[in-house]
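Inside the fold
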Amino acid sequence: MSERSAEDRRAFRMEQFHDYLTFERGLSDRTVQAYGRDLRRWMDFVVGEGVARPADVSVGLLRSWVFELKDSGLAPTSIRRAQSALRTYYGFLLAEGVIGTDPTDRLDSPNLLRKLPDFLTREETEQLLDAPDPNRETYWRDRAMLEFLYATGVRVSELVNLRLSALELDDGFATVFGKGSKERLVPIGGPARRALGRYLRDVRPGLDSGGGDGRVFLNARGRPIRRESVWAIVKKAAERAGLAKRVSPHTLRHTFATHLVEGGADLAAVQELLGHADISTTQIYTHLDRAHLRRLHARYHPRS
C-alpha cells in the first residue's frame, strides 16, 4: 500500500468502518469483504476527483460515480450493492459525528430487471392477519402462525421446525435454524408475542398428546404441523380476507422484507434477519430505496 493510499484510508476511516461491520454489526466475513471492495472502488473514484475527505463528497459527485459504474458495464444488482455499502458507510460516519449530513439520502438507484416477488400492502397484511375464523378451536394457533411469519420473515421450513425452547417471548426473540443449519436470532413484535402467548396457554396444551416433539406449532392430531398445512392455512386466510393475490408463506417473507426496506431499514440488517448468505440476494428489495436509517425492527416494522 502506498503512503498516499494509507493516508486516504485514514482520512476516510476505512479501518474503523471495517471494525464497525465486523465487531459491532457482526456481519459475515463475506459481506464485510464485499463492502470493502465496493468502498475501495468508490474511494479511488472520489480521490481521483480531488476529494480528500468523505464530508466533501457531494450528491452530484455520487451520481457521477453511479454513471461511471454503469459505463463500466456493472450490472444493476452490483450497482445497488455498492450503493447499499455506501449508505451503510455514511450512516456510520453520521453516527460517529464525522459528517453532519448524508449525501446518499438523495441518491437514486438503477432499476433492476429482476421481477420483485409478490408482497402485500400494509392494508392487505392487516386483512390477512385478521382473517382466521375466531369460531374455530385452532383460531389462536392460526393467528399466531400468521403473525409470526410476518413479524419475523422466517421460511416455512423454519416455522414448522421452531421449538418451544427457541422462544424468548418476554424478551421478544426467537432462535431459528435456516439453510445449512445456520442459527440466527429474530425479533418478535408485540402482536405476534401476544398471539403466541395466547396459543401456547389456551390451545397448544389441548393439542399436545405427547407426540409434539417440542415443536411450537402442532396439528389437530398433536403432531408437528407440516409445511403443506401451513400453506393451506395461509391460503384459507387469504380467501377469507378477500385478497385477489396468490398468497403463500413465502409472500409473508417478502412482505416482511419489503415493509422493512420501505420504512428505511439498512439492507445489511435485512439480510441478517432473512438469513441470506450473500447480500446480493437481498438486493431485490431495494426497489423501495429510502434514506439510510440505523435503527431497525422495533421502530420501523409496522407490528413491532
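Figured I'd write up the structure that's included with this text.

Here is what the cut-offs are and how they apply
Throughout, a residue's number is its position along its own chain's written sequence, starting from 1. The model is predicted, so local features are restricted to residues of pLDDT at least 70 and side-chain atom pairs to those at 80 or more, both for listing and for counting; the totals for chains, interfaces and linings are taken over all residues. Hydrogens and water are ignored here; the side-chain numbers use all heavy atoms of the structure. When DSSP finds at least two bridges between two strands, those strands are taken to pair. The numbering of helices and of strands both runs from the N terminus, where a helix is a DSSP run of H or I of at least 4 residues and a strand a run of E of at least 2. In what follows, salt bridge is the name for a side-chain nitrogen of Lys or Arg lying within 4 Å of a carboxyl oxygen of Asp or Glu. Type-normalised accessible area, obtained with a 1.4 Å probe on protein chains alone, sets the label of each residue: buried when under 20%, exposed when over 50%, and partly exposed for intermediate values. Under the pairing criterion, centres of Phe, Tyr and Trp rings, with the six-membered ring standing for Trp, must be within 6.5 Å; the plane angle then separates stacked pairs below 30 degrees from edge-to-face pairs above 60, leaving the rest tilted.

The next subject is the sheet that holds strand E3 (residues 183-187). What the three strands build is an open sheet, ordered E1-E2-E3; its pairing is antiparallel. Both outer strands of the open sheet, strand E1 (167-168) and E3, are each paired with one neighbouring strand and no more.

A few words now on the pattern of salt bridges. Under the criterion given, the structure shown has 16 salt bridges. Between Arg143 and Glu147 there is a salt bridge, and its shortest N-O distance comes to 3.1 Å. With Arg143 and Glu147 both in helix H7 (residues 139-152), this residue pair falls four residues apart, about one helical turn. Assigned by exposure class, Arg143 and Glu147 land together as buried.

What follows is about the environment of Ser229. Following the sequence through the fold, Ser229 ends up in helix H11 (residues 227-241). In the structure, Ser229 is positioned 69 residues away from Val160 in sequence and 9.7 Å away in space, judged by C-alpha atoms.

With that out of the way, let us pick up the packing of aromatic side chains. Summed over all chains, the structure comprises ten aromatic pairs. Taking the centre distance of 5.9 Å and the plane angle of 80° together, the rings of Trp42 and Tyr90 count as edge-to-face. Here Tyr90 lies in helix H5 (residues 76-95) and Trp42 lies in helix H3 (residues 29-48), a separation of 48 residues in the sequence. A relative accessible area of 0% places Tyr90 in the buried class.

Taken by themselves, the reported measurements are silent on function.
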